[in-house]
Amino acid sequence: MYRADSASTDVPQPWGCGLEERNIQVSNNIIGLNGAPLNTSSTVTGGYVALGYLGNASVVFSLIQGRVVQLRPSNMNEMTLKSVFGAQWCDQHYLEFHEKKEELVFNHKRLATDVITQCQAAGLYEESSERRCGVWPSSNGEKLIVNSDELWTNDGEALEGRAVEGKIYPKSGSVGFQRDTASASEKDVDRVLRFFGSMNWKNDMVPEMLLGWFVCAVLAPSLARRPHVFITAEAGSGKTVLLDALSEMLGSLNHKFTGLPTKAGLYQTIGGTTRSVIIDEAEADTSPVKWKDTLTIARNAYSQAEADSGIIVGTPGGTSKSYRFCAPFLAAGISPGKFEPADLSRWAIFEALKRDQTAGSALPSMSEFRELGARLAVKAVRQWSVLQASLEVIRDAVQLNGGDARLADTVGPLLAGYWVMVSDKAATQDDAQTLVGLCGLGRYVEQREESDHVRCLEALISRVLPLPRFTGEYVVRRPMSIGEAITSICENPTGSLELQHRLTQLGLRVALQKGRWVLMVANSADHAELRKLFRGTKWQHGGWSLTLRRLPGGEESTQRLGAGYKSSKVTMFDIPAELLPVCDESELLAA
């Protein structure tokens with residue numbers, strides 16, 4: 001074999017040497033049998049940068065395609081390599097004279113060997129180093145880097161190459177706006193707010209917070225918390241029109257579903273992307289499983305960091321695959337499903353009545369929303385420093401007004417997103433207090449009051465089953481809730497021995513300790529009777545002890561549940577006041 005350009009020094013460099021575009025100079029030193037040069041082009045663009053390996057696949061950055069490519073040994077055939085690295089580049093560097101054939105041939109096996117060798121030298125590839133189309137934070141968080149048709153920062157600076165601060169930005173689509181796109185004017189913001197306000201909202205500041213959600217959707221990868229919004233209203237209220245408008249405004253930065261998607265659908269459409277999720281007709285009664293899966297993925301997307309592995313699933317090939325999410329969700333429906341406490345803390349729920357039809361003539365058309373969205377998105381990107389400063393002040397204001405840290409993480413970004421659309425200066429403490437006061441914070445605090453431990457207790461005391469009770473001289477069994485049994489024992493401790501014995505078999509004990517009535521619950525997750533009591537709840541397989549311990553007076557102790565029983569670990573907590581009988585002090589002492 002003879003390769004005329006074997007002295008060429010322009011060889012692919014391993015990952016870490018930069019991903020600048022390389023125009024490879026052709027020296028016209030590949031000649032034919034008649035002595036004429038075969039290369040007539042002066043420059044050839046192409047090649048690759050070895051990023052590492054992932055299983056049996058070699059991961060490279062294709063300089064001609066501008067994207068990350070995984071190449072398995074079976075894929076490294078002649079046509080695939082030319083497609084990924086550039087046909088002219090392959091001819092320039094791997095075209096050799098075949099002595100038997102007496103012609104120049106492309107030695108794709110040698111190229112494949114070089115790729116595998118360099119990828120192995122680069123080490124294990126981390127998918128988190130790849131940032132696709134979207135708006136990303138710089139390493140110190142002070143700037144934003146927009147990966148679109150070109151790479152640029154929020155101050156309008158165009159970046160050369162596709163690698164910045166150890167992160168790779170492959171060409172993977174357009175965000176829908178450019179660095180020279182005009183920023184939204186005050187008139188643009190007002191038109192959008194009037195459109196959002198054309199629905200008859202029951203809650204305060206919903207148009208403003210929807211605009212804030214739009215900002216969060218644009219900047220999603222750069223935010224530590226990404227609040228979700230659910231809109232519930234009767235048929236004909238304009239939910240679909242509103243969601244269509246927001247989808248147009250976000251353009252390629254969103255994926256809109258009609259009806260609840262499946263888990264696999266969400267994995268394959270938004271996994272590893274920066275696109276927000278808009279779901280119309282999100283009716284839980286049509287598919288409870290899809291509703292639960294949607295909430296689970298939304299819970300991950302709310303706070304998933306870039307370095308997190310995300311949701312790991314197996315593949316038919318025996319390897320694992322990671323699905324990472326950083327998408328704020330916006331859903332609308334007539335009959336939403338059940339929100340668990342962990343979900344309520346991540347969703348802002350808005351209610352509306354019929355749409356105000358009188359305002360329709362002054363509202364933008366759907367064709368105008370894409371242009372409005374592009375200008376608003378550019379303003380959000382350019383106002384990054386204002387949003388950062390405002391968010392801290394607003395979060396503090398939420399907590400000073402009775403909200404907890406989680407509520408501040410949910411309401412704060414919505415209010416801060418609205419603020420950067422109407423002000424070029426960071427919100428002051430007075431501004432933050434005004435925003436928090438206007439948004440009706442008390443409603444969000446009440447929405448989150450029902451927590452897991454309250455639901456766990458309710459599931460326990462509301463369970464109805466046949467229990468023994470004295471009726472005159474006889475003991476009869478009749479349906480009774482656990483709560484009623486607790487009240488009955490508190491009213492007459494000495495006359496409810498059969499009932500107490502039955503509760504002991506169920507893993508429960510009612511006792512008076514240090515002047516207060518407490519309920520003891522066995523800790524063991526293998527307790528068959530307790531598992532029956534919690535059947536149909538999230539605690540049916542255990543975990544009730546840790547949850548109930550959060551109730552007032554909750555603690556772990558070692559106690560006997562009844563006479564003849566061994567000491568065991570129990571969770572004990574104060575019996576709620578509504579289950580206690582009304583009695584005077586002398587009756588309490590007698591008990």
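In short, a report on the structure. If you're wondering where the values come from, they're calculated on a predicted model, not measured in any experiment.

Rules and cut-offs
Residues numbered from 1 in each chain as written. Predicted model: local features only at pLDDT ≥ 70, side-chain atom pairs only at ≥ 80, totals over all residues. Heavy atoms only, no water. Helix = DSSP H or I, 4+ residues; strand = E, 2+ residues; numbered from the N terminus. Buried < 20%, exposed > 50% of the residue type's maximum accessible area, 1.4 Å probe, protein only. Contact = heavy atoms within 4.5 Å. Core = buried A, V, L, I, M, F, W, Y, C linked by side-chain atoms within 4.5 Å. 1 Å grid on protein atoms, 1.4 Å probe; cavity = no way out; pocket = protein on both sides within 12 Å on 5 of 7 lines; lining within 4 Å. Points joined across faces, edges and corners; volume = space filled by probe spheres on them. Nonpolar A, V, L, I, M, F, W, Y, C, P; charged D, E, K, R; others polar. Phe/Tyr/Trp six-rings, centres within 6.5 Å; stacked < 30°, edge-to-face > 60°. Pairing = 2+ DSSP bridges. Axes fitted to C-alpha atoms, helices over the stretch in contact; angles between N-to-C directions. Polar contact = N/O pair within 3.5 Å; in protein donor to acceptor, adjacent residues only side chain to side chain. Parallel < 35°, antiparallel > 145°, perpendicular 65-115°, else oblique. Left-handed = near helix turned anticlockwise from the far one by under 90°. Lys, Arg positive; Asp, Glu negative; His and termini not counted. Salt bridge = Lys/Arg side-chain N within 4 Å of Asp/Glu carboxyl O.

### Brief notes about the overall build of the chain
Secondary structure summary: the chain contains 20 helices and 26 strands in total. The buried share of the chain, taken over its 591 residues, is 51%. A separation threshold of at least 6 residues defines the contact pool for the chain, and within that pool the share at least 24 residues apart is 65%.

### Concerning the nonpolar core
In terms of nonpolar packing, the biggest core is built from 75 residues, with Phe177, Leu210, Val218, Leu219 and Leu242 touching the most fellow members. Once you skip the residues sitting within four places of it in the chain, Phe177 turns out to touch Val135, Val146, Ser148, Trp152, Val218, Leu253, Ala374, Ala377, Val378 and Val381. Listed in part, the 37 residues of the second largest apolar core include Leu503, Met520, Leu533 and Leu548.

### Brief notes about the environment of Gln399
Examined against the element boundaries, Gln399 turns out to sit in helix 11 (residues 384-400). The spatial distance from the C-alpha of Gln399 to the C-alpha of Val436 is 9.9 Å, given a sequence separation of 37 residues. Residues contacting Gln399, with those up to four places away along its chain left out, are Asp404, Ala405 and Ala408.

### Digging into the layout of surface pockets
Put simply, the largest pocket is a space of about 1,200 Å³. What lines the largest pocket is a set of 46 residues, and nearest its centre among them are Leu54, Glu127, Lys321, Ser322 and Arg324. Looking at the lining of the largest pocket, the elements with two or more residues in it are strand 5 (67-71), strand 8 (134-137), helix 7 (263-270) and strand 18 (320-323). Broken down by class, the residue content of the lining of the largest pocket amounts to 17 nonpolar, 16 polar and 13 charged. Contributing to the lining of the second largest pocket are 18 residues, with Lys292, Lys338, Glu340, Arg455 and Lys538 lying nearest its centre. Looking at which element gives the most residues to the lining of the second largest pocket, the answer is helix 8 (residues 288-303), with 7 residues.

### So, the packing of aromatic side chains
Note on aromatic pairs: each is described by the distance of the centres and the angle between the planes. Counted under the stated rule, the structure contains 16 aromatic pairs. Summarising the aromatic geometry, the rings of Phe329 and Trp347 are spaced 6.5 Å apart at their centres and angled 65° between planes, so their arrangement reads as edge-to-face. Residue Phe329 is located in strand 19 (residues 329-333), and its partner Trp347 is located in strand 20 (residues 347-355); the two are separated by 18 residues in the primary sequence. Of the two residues, Phe329 and Trp347, both sit in the buried class. Joined through ring pairs, the aromatic side chains of Phe230, Trp291, Phe329, Phe339 and Trp347 make up one cluster.

### Quick word on the sheet that holds strand 8
In space, the 3 strands of this open sheet follow the order 8-9-10, with antiparallel pairing throughout. Unpaired on one side and paired on the other, strand 8 and strand 10 (151-153) mark the two borders of the sheet. Each neighbouring strand pair of the sheet contributes to a mean axis angle of 25°, computed without reference to strand direction.

### Structural notes on the sheet that holds strand 25 (residues 555-559)
Spatial strand order, 23-24-26-25: 4 strands in an open sheet with antiparallel pairing. At either margin of the open sheet sits one strand with a lone partner, and together these are strand 23 (508-513) and strand 25. Between one strand axis and the next, the sheet turns by 40° as a mean value, whatever way the strands run. Contacts between helix 16 (residues 482-491) and the sheet are confined to strand 23 and strand 24 (516-522), with strand 23 contributing the most and set at about 35° to the helix.

### Section: empty space enclosed by the protein
For the structure on display, the rule yields 2 cavities of 30 Å³ or more. Taken as a whole, the largest cavity holds about 60 Å³ of empty space. Together, 13 residues line the largest cavity, and Val175, Phe177, Met249, Leu250 and Ala374 are the ones closest to its centre. Among the elements that make up the lining of the largest cavity, the one with the highest residue count is helix 10 (residues 366-382) (4 residues). Tallied by class, the residues present in the lining of the largest cavity amount to 9 nonpolar, 3 polar and 1 charged.

### As for the pairing of strand 6 (residues 95-98)
Summarising the sheet, strand 6 and strand 7 (residues 103-106) pair through 4 bridges and their orientation is antiparallel. Residue His98 lies in a different strand from strand 7, and its bridge partner there is Glu103.

### Let's talk about the environment of Thr410
Mapped onto the secondary structure, Thr410 falls in helix 12 (residues 405-422). The buried category is assigned to Thr410, whose relative accessible area is 0%. Between the C-alpha atoms of Thr410 and Arg346, which are 64 residues apart in sequence, the distance is 6.0 Å. From its side chain, Thr410 meets the backbone oxygen of Ser345 in a polar contact 2.7 Å long.

### Observations concerning the packing of helix 1 (residues 78-85) against helix 3 (residues 108-122)
With their axes 10 Å apart at the nearest point, helix 1 and helix 3 run at an angle of 60° to one another. Overall, the two elements helix 1 and helix 3 adopt an arrangement that is oblique. Between helix 1 and helix 3 the crossing geometry is left-handed. On the side of helix 1, the interface is formed by Glu78, Leu81 and Phe85, while helix 3 contributes His108, Leu111, Ala112 and Val115.

### Remarks on the side chain of Thr269
Counting through the fold element by element, Thr269 comes out in helix 7. A distance of 2.6 Å separates a polar atom in the side chain of Thr269 from the backbone oxygen of Gly265. Contact partners of Thr269, with chain neighbours within four places excluded, come to His255, Phe257 and Arg275.

### Some remarks on the side chain of Glu283
Mapped onto the secondary structure, Glu283 falls in the loop between strand 16 (276-280) and helix 8. This buried residue, Glu283, is left without a salt bridge; Lys239 holds the nearest opposite charge, at 6.0 Å. A polar atom in the side chain of Glu283 sits 2.7 Å from the backbone nitrogen of Ile334. Side-chain polar atoms of Glu283 contact the backbone nitrogen of Ser335, separated by 2.8 Å. Ignoring sequence-local partners within four residues, the contact set of Glu283 consists of Leu260, Gly333, Ile334 and Ser335.

### Details of unusual backbone geometry
Positioned with a positive phi, Glu281 is a non-glycine residue whose angle comes to about 55°. Secondary-structure assignment places Glu281 in the loop between strand 16 and helix 8. Of the residues examined, Glu281 reaches a relative accessible area of 40% and is grouped as partly exposed. Phi angles above zero are rare outside glycine, and Lys514 is one such case at about 55°. Along the chain, the position of Lys514 falls in the loop between strand 23 and strand 24.

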